[in-house]
Amino acid sequence: MAISAVARETVFALRRQIAKIEGTLPERLQAPAGAPLDADASADLTIVRRGLAAALPDAFLPIGVDPLDAALSGGLPKAALSEIHGLETRDAGAVAGFALSLASLILKQAQGLPVLWIGTTEIFREAGFPYARGLQACFGIGPEQLLFSEAPKLVDALWVAEEAARMTALAAVILEIRGNPLRLDLTTTRRLHARAQSAGRPVFLLRQAAEPEPTAAPVRLIVSPAPAVPRETVAGPLAGSIGRPAFTISIDKSRTALPGQFTLEWNPDERVFDERRGEEGRTGRAKNPVPVVSLSGGRKDPAAAPGAVLAFPAPRAPDAISSATGDQPPPGQRAAHLSPRRAG
């Protein structure tokens with residue numbers, strides 16, 4: 001009996017170590033009868049198999065859209081490597097915008113810690129840097145909260161990412177890579193994933209114009225831009241306007257979810273995601289009784305609609321034009337655009 005109990009404990013310890021190396025527990029591991037769980041064992045009880053909801057409360061980053069969070073068993077894993085793909089170069093803006101939205105959600109919980117964005121000179125020359133004023137206005141990210149590391153070569157960017165992934169002084173690490181380089185292999189992603197698990201911080205791998213390939217990341221999302229719907233005002237949709245940024249999110253790889261597709265909108269005022277469903281995704285958003293455009297300070301009612309605004313004065317009646325002078329100015333006067341500008 002003693003040998004059998006020792007064997008059960010050994011098997012349980014081996015299964016837990018294997019699950020820890022793989023980054024997931026394939027099933028709910030129960031300790032042998034009468035064997036208490038130590039602190040390390042209880043910390044590893046993050047179950048991600050579909051149908052077994054037994055994860056730590058703070059193990060995932062909720063995206064804020066219930067169907068997508070439910071499909072991902074609570075959201076994106078915090079202490080893990082997650083892939084965000086853009087299949088074409090023109091999707092670089094959507095991929096970066098979605099990553100910045102996730103960074104905004106993370107910074108709400110990690111006050112005082114910055115986010116490090118790592119990329120090569122090639123990727124920053126091709127896709128550019130985020131605009132500082134737009135970061136503050138759209139995502140609530142201050143200039144001091146987003147750090148950039150530009151590396152001349154991919155090997156340097158990977159080294160910086162591995163060193164940064166182990167740091168607890170960062171809220172998250174974003175590594176942006178273009179294409180499918182040979183150096184970004186399964187071994188490299190395993191190191192990034194292991195260091196993210198050790199530090200308890202998320203690492204987002206942005207892949208621009210890349211094809212999916214085997215990596216150690218438990219989640220891979222394909223991001224592409226979605227058509228924006230007209231802006232919502234007090235009087236209804238504003239025709240011809242461009243509404244909130246929208247993303248088409250496809251679950252390409254997940255240990256907990258089947259492939260699926262969602263259309264999300266980023267609300268820059270509340271800094272949360274909203275889902276666009278059914279006909280709303282094609283024709284517009286549903287009616288919202290709450291005005292999207294806030295009223296001016298000190299006013300209880302919205303301002304009256306403005307009148308017609310013309311770039312040039314309306315043409316005069318034909319009888320008001322002198323047949324002798326026509327449209328020419330009287331002698332001694334010059335047209336306004338011909339007058340010398342005032343100096344001083």
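Since the model is a prediction, treat every value here as computed from it, not as a measurement.

*Asks:* Tell me about the packing of aromatic side chains, residues and numbers included.
*Replies:* Counted according to the given criterion, the structure contains 9 aromatic pairs. With a centroid separation of 6.2 Å and 80 degrees between ring planes, the pair formed by Phe124 and Phe148 is classed as edge-to-face. Remark: Phe148 occurs in strand E5 (residues 146-151) and Phe124 occurs in helix H5 (residues 121-127); sequence separation between them is 24 residues. We classify Phe124 as buried; its relative accessible area is 4%. On the accessibility criterion, Phe148 (34% relative accessible area) is partly exposed.

*Asks:* Can you break down the environment of Gly140 residue by residue, with the values?
*Replies:* Counting through the fold element by element, Gly140 comes out in the loop between helix H6 (132-139) and E5. The sequence separation of Gly140 and Leu100 amounts to 40 residues, and the corresponding C-alpha distance is 9.9 Å. With residues up to four places along the chain from it excluded, the contact list for Gly140 reads Leu135, Gln145 and Arg271.

*Asks:* Explain unusual backbone geometry to me, and be specific about the residues and the numbers.
*Replies:* At Ser73, a position not held by glycine, the phi torsion is positive, near 60 degrees. Mapped onto the secondary structure, Ser73 falls in the loop between helix H3 (66-71) and strand E2 (76-77). Judged by relative accessible area, which is 28%, Ser73 ranks as partly exposed. Unlike most non-glycine residues, Ala209 shows phi in positive territory, near 50 degrees.

*Asks:* Residues and numbers for the environment of Pro218, please.
*Replies:* Counting through the fold element by element, Pro218 comes out in the loop between strand E7 (203-208) and strand E8 (219-225). Pro218 gets classed as buried once you look at its relative accessible area, which sits at 10%. With sequence-adjacent residues up to four places away left out, Pro218 is seen in contact with Pro77, Ala80, Leu81, His193, Lys253, Ser254 and Arg255.

What counts, and at which threshold
- Residues numbered from 1 in each chain as written.
- Predicted model: local features only at pLDDT ≥ 70, side-chain atom pairs only at ≥ 80, totals over all residues.
- Heavy atoms only, no water.
- Phe/Tyr/Trp six-rings, centres within 6.5 Å; stacked < 30°, edge-to-face > 60°.
- Helix = DSSP H or I, 4+ residues; strand = E, 2+ residues; numbered from the N terminus.
- Buried < 20%, exposed > 50% of the residue type's maximum accessible area, 1.4 Å probe, protein only.
- Contact = heavy atoms within 4.5 Å.

None of the figures reported here should be taken as evidence of function without further support.
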